Amino acid sequence: VLHHPQLDWARPPIAPRFGPALIEGSVARLAPLEWRTHILSWRSRLVSSLIAVALATPARLESQTTLGARGGVTVSHASLDLEETFARDNRSGFAGGAFWDWNSGGLLGFQVAAEYVQKGVDLDFGDAVRELSLGYLEIPAVLKLGLPLGSLKPSAFGGVSLGFNTGCDVGGEAVPEDSADCGDEISGTEWSGVFGADLVWYLDSFSIWADTRYYVGLNDISDGTAFEELKNRAWNITFGLGFPLGG
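Residues numbered from 1 in each chain as written. Predicted model: local features only at pLDDT ≥ 70, side-chain atom pairs only at ≥ 80, totals over all residues. Heavy atoms only, no water.

Considering the overall build of the protein chain
Secondary structure assignment for the protein chain yields two helices and nine strands. Along its sequence from the N terminus, the protein chain presents helices and strands in the succession α-β-α-β-β-β-β-β-β-β-β. A total of 247 residues make up the protein chain; the buried ones form 32% of that total. Taking all contacts inside the protein chain whose residues are at least 6 apart in sequence as the whole, residues at least 24 apart take part in 65%. Accessible surface, the protein chain: about 15,200 Å² in total, of which carbon and sulfur atoms supply 65%. (Helix = DSSP H or I, 4+ residues; strand = E, 2+ residues; numbered from the N terminus. Buried < 20%, exposed > 50% of the residue type's maximum accessible area, 1.4 Å probe, protein only. Contact = heavy atoms within 4.5 Å. Areas by Shrake-Rupley, 256 points an atom, 1.4 Å probe, with all protein chains shown as cover.)

Let's talk about the side chain of Ser161
Mapped onto the fold, Ser161 is located in strand E5 (residues 152-172). Reaching out from Ser161, the side chain makes a polar contact with the side chain of Glu138 at a distance of 2.5 Å. Ignoring sequence-local partners within four residues, the contact set of Ser161 consists of Glu138, Ile139, Pro140, Glu190, Trp191, Ser192, Val194 and Tyr215. (Polar contact = N/O pair within 3.5 Å; in protein donor to acceptor, adjacent residues only side chain to side chain.)

Description of a nonpolar patch on the surface
Together, Leu107, Leu108, Leu145, Leu147, Leu149, Leu152, Leu199, Trp201, Ile208, Leu241 and Phe243 line one region of the surface with nonpolar side chains, adding up to about 1,000 Å² of accessible area. Overall, the relative accessible area of 33% leaves Ile208 in the partly exposed class. (Patch = residues over 30% accessible without salt bridge, like charges linked within 9 Å, V, L, I, M, F, W, Y side chains within 5 Å. Salt bridge = Lys/Arg side-chain N within 4 Å of Asp/Glu carboxyl O.)

A look at the pattern of salt bridges
In total, this model carries seven salt bridges according to the counting rule given. For Arg213, the salt bridge goes to Asp211, with nearest N and O atoms at 2.9 Å. Look at the salt bridges and you will find they share partners, linking Arg70, Glu115, Asp211 and Arg213 into a network.

A look at the side chain of Glu138
Mapped onto the elements, Glu138 comes out in strand E4 (residues 129-146). Setting aside residues up to four positions removed in sequence, Glu138 forms contacts with Ala113, Ala114, Glu115, Val117, Lys119, Ser161, Leu162, Gly163, Glu190 and Tyr215.

A closer look at the pairing of strand E9 (residues 233-244)
Where strand E1 (residues 64-76) and E9 come together, 11 bridges link them in antiparallel fashion. Bridge pairing in E9 places Ser76 opposite Ala234. The pairing of strand E8 (residues 207-217) with E9 spans 10 bridges and is classified as antiparallel. Bridging across to E9, Arg213 finds its partner in Asn236. (Pairing = 2+ DSSP bridges.)

Right, dumping it as structure tokens:
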């Protein structure tokens, strides 16, 4: 083989068959293809997820009837003033029961419930403080105005409640066992105005509920001479689960 120094510049360098140049060139050629593959894969997944959400959301926004149960705490003889809601003369107790809710899928809704609610107040007679404990079976019915936000729906509501007295006891603060039945001194029924708000999270087979409401007594519940005019006030804060009825 003849070698001429002047011709060396024209001869291209011969890279090794498996050298770094070949490997780097292969990576450079394959990298765009891999990225395109990953991008297409993620894009298809994103499109599939959006389609699934789009198909699921209208079903949740359709008219739905729910049957559920909830429970929580009630603070009675309360006030709209938050500083007085948990004052010492207020009584805390249990509130809970079942509810039936109709969701139109839009802004409007309706709910009726049957709940056991404990109410009462500390009565100051000057020389002694007596604990007035009341029990009620409440049947509230409210109209709801909500804002559908996908699977979430916050709502405000207002309505009335009919309560049936199930018990009345007056006890001494210093001597709890010194109590007496006061059923004859309390009206058997009570009408209340109800207003509040709730938040519902609709899932596939059930829903989660958070509810807070304020009861304003509309009639005097004293039905004798032992008490002066009495009207219940109460905050209810409850949480519950609901299950759709029908398809």
